[in-house]
Amino acid sequence: MDKIIKTISENGAFRAYVLDSTETVRTAQEKHHTQASSTVALGRTLIASQILAANEKGDTKITVKVLGTSSLGAIITVADTKGTVKGYVQNSGVDIKKTATGEVLVGPFVGNGEFLVITDYGTGNPYHSMTPLVSGEIGEDLAFYLTESQQTPSAIGLDEEDKVKVAGGFLLQVLPGAKEEEIARFEKRIQEMPAISTLLESENHIEALLSAIYGNEPYKRLSEEELRFQCDCSKDRFLNALS
């Protein structure tokens, strides 16, 4: 079962959300028959919308549109406050890897463009906000959208047959009242933490992520909520969402 763990430091100055989205991304891959680069790009966008929806209340829905100019085309995901997410990638067949390492490439095939977030509070007047894509790697683009004071890495791990092995991410927010030395300590820890893909492959990857984020800093768990992929997506719905 996928889940999101919401935590806060004991001094109330930092908040972290940690996500296990493995089944979510695996189901999306199976439903849309995506190849490696398309799987990773769609998976990261699904996680981005889950993170943004986790900050909302009531019946709010978050739509993330990654409107790139390269091979992957547009990526659209929709998440709600109940843990449900759906999504679609325009070109499901992109499969490009580095020859030397086998690393799945995403950024160059998202390309330039816009990162658009639509927040629908159910009042009939959704709020639109947009920032330029800074790398096409989705996580960095989300971090830029949220402001540079927040860290939002995510990763998708594929096995030898390009099936989803593990997927997840985290959001770290600096809250009002945080002291400069505390911020510097957290920033140093994030910069020195192992690759998130390595942490996700740990036996207990949720605990590994929390440990990497907080180190020896005391923190409290606020909640644990279920996440799931539930899609009524189709090519026609996707094209309507683009219009």
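Residues numbered from 1 in each chain as written. Predicted model: local features only at pLDDT ≥ 70, side-chain atom pairs only at ≥ 80, totals over all residues. Heavy atoms only, no water.

So, the environment of L227
And step 1. One can find L227 in strand β10 (residues 219–229).
And step 2. Take L227: its relative accessible area is 7%, and that puts it in the buried class.
And step 3. Remark: the alpha-carbon pair of L227 and I4, spanning 223 residues in sequence, is separated by 6.8 Å.
And step 4. The contact partners of L227, leaving out residues within four places of it in the chain, are D2, K3, I4, L19, D20, S21, T24, Q50 and G83. (Helix = DSSP H or I, 4+ residues; strand = E, 2+ residues; numbered from the N terminus. Buried < 20%, exposed > 50% of the residue type's maximum accessible area, 1.4 Å probe, protein only. Contact = heavy atoms within 4.5 Å.)

A few points about the packing of helix α2 (residues 36–54) against helix α4 (residues 139–146)
Helix-helix packing is described using two parameters, namely the angle between the two axes and the distance between the axes.
And step 1. Where α2 contacts α4, the axes come no closer than 10 Å and their chain directions differ by 30 degrees. In terms of orientation, α2 lies roughly parallel with respect to α4. For the pair α2 and α4, the sense of crossing is right-handed. Of the residues in α4, those touching α2 at A48, I51 and L52 are L142, Y145 and L146. (Axes fitted to C-alpha atoms, helices over the stretch in contact; angles between N-to-C directions. Parallel < 35°, antiparallel > 145°, perpendicular 65-115°, else oblique. Left-handed = near helix turned anticlockwise from the far one by under 90°.)

Observations concerning the nonpolar core
And step 1. Counting residues in each nonpolar core, the largest one holds 39 residues, and the members touching the most others are L52, V64, V66, L72, V110, F115 and L142.
And step 2. At 11 residues, the largest contribution of residues to this core is made by α2.
And step 3. Of all hydrophobic cores here, the second largest spans 23 residues; its members include I5, V166, A212 and Y214. (Core = buried A, V, L, I, M, F, W, Y, C linked by side-chain atoms within 4.5 Å.)

Considering the pairing of strand β4 (residues 74–80)
Every regular strand shows the same layout, with side chains that alternate between the two sheet faces.
And step 1. Along β4, six of the seven residues are buried, which leaves the element largely enclosed by surrounding structure.
And step 2. Turn length for the strand β3 (residues 61–68)-β4 hairpin, with the two strands adjacent in sequence and antiparallel, is five residues, and the turn residue G73 shows positive phi of about 70 degrees.
And step 3. Note: β4 against strand β5 (residues 84–89), five bridges, orientation antiparallel. The partner of I75 across the bridge, within β5, is V89.
And step 4. Between β4 and β5, which follow one another and run antiparallel, lie three residues, and G83 among them has a positive phi close to 95 degrees. (Pairing = 2+ DSSP bridges.)

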